[in-house]
Amino acid sequence: QVQLVESGGGLVQAGGSLRLSCAASGRTFSSYSMGWFRQAPGKERQFVAAIWSGGSTNYADSVKGRFTISRDYAKNTVYLQMTSLKPEDTAVYYCAGRGGGSLTIATTYMYWGQGTQVTVSS
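Residues numbered from 1 in each chain as written. Predicted model: local features only at pLDDT ≥ 70, side-chain atom pairs only at ≥ 80, totals over all residues. Heavy atoms only, no water.

(A) Geometry of unusual backbone geometry. Of note in this structure, Asn-76 is not a glycine but carries a positive phi near 55°. Residue placement: Asn-76 occurs in the loop between strand E7 (67-72) and strand E8 (77-82). Positive phi is not limited to glycine here, since Ser-84 has a value of about 50°. Considering the arrangement of structural elements, one finds Ser-84 in the loop between E8 and strand E9 (91-97). (Helix = DSSP H or I, 4+ residues; strand = E, 2+ residues; numbered from the N terminus.)

(B) A look at the state of the cysteines. The full count for this structure, using the stated rule, is one disulfide. Note that Cys-22 is cross-linked by a disulfide to Cys-95, the S-S spacing being 2.0 Å. For the disulfide bridge between Cys-22 and Cys-95, the dihedral angle about the S-S bond is near -75°, and by the sign convention the bridge is left-handed. Note that Cys-22 is positioned in strand E3 (residues 18-24) and Cys-95 in strand E9, a separation of 73 residues in sequence. What makes Cys-22 buried here is its relative accessible area of 0%. For Cys-95, a relative accessible area of 0% gives the class buried. (Disulfide = S-S within 2.5 Å. Buried < 20%, exposed > 50% of the residue type's maximum accessible area, 1.4 Å probe, protein only.)

(C) Molecular detail of the nonpolar core. Judged by nonpolar contacts, the single largest core of 35 residues is most densely connected at Met-34, Trp-36, Leu-80, Met-82 and Tyr-93. For this core, the elements supplying multiple residues, two or more each, are E3, strand E4 (34-39), strand E5 (46-51), E7, E8, E9 and strand E11 (116-121). Top contributing element to this core by residue count: E5, with five residues. (Core = buried A, V, L, I, M, F, W, Y, C linked by side-chain atoms within 4.5 Å.)

(D) Seen up close, the sheet that holds strand E1 (residues 4-7). Read across the sheet, four strands follow the order E1-E3-E8-E7 without closing on themselves; strand pairing throughout is antiparallel. Every other strand in the sheet has two partners, leaving E1 and E7 as the edge strands with one partner each. Neighbour-to-neighbour, the strand axes of the sheet open up by a mean angle of 15°, direction not taken into account. Across six bridges, the pairing between E3 and E8 is antiparallel. Of the residues in E8, the one forming a bridge with Leu-18 is Met-82. (Pairing = 2+ DSSP bridges. Axes fitted to C-alpha atoms, helices over the stretch in contact; angles between N-to-C directions.)

Function-wise, these values are silent; they only describe arrangement.
So this is what it looks like as structure tokens:
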């Protein structure tokens, strides 16, 4: 069983930055594709970014150029560096692991964290 624990959320002003972390348990972390999703109140869960086991990345158009996903294999951790934050980035951010097929689709992931709240004030 794999457990994912997110941290790093909080309240930030528009234009500010935050770095989210997702710590994963389990020896096979390095072989997993990982993703970040977000869900705002009353909206569906939305793809944000993904990183393949080999390090290739993919981003939603809405965050491209502002967010960076990375992973540290030694620490079994995935990061989401968020810069130039906007009020519309406000959401609960979820880490997901072991995606298969299209990494932009939530149902392709087997494991999910509990989520961390990101609030961007204007």
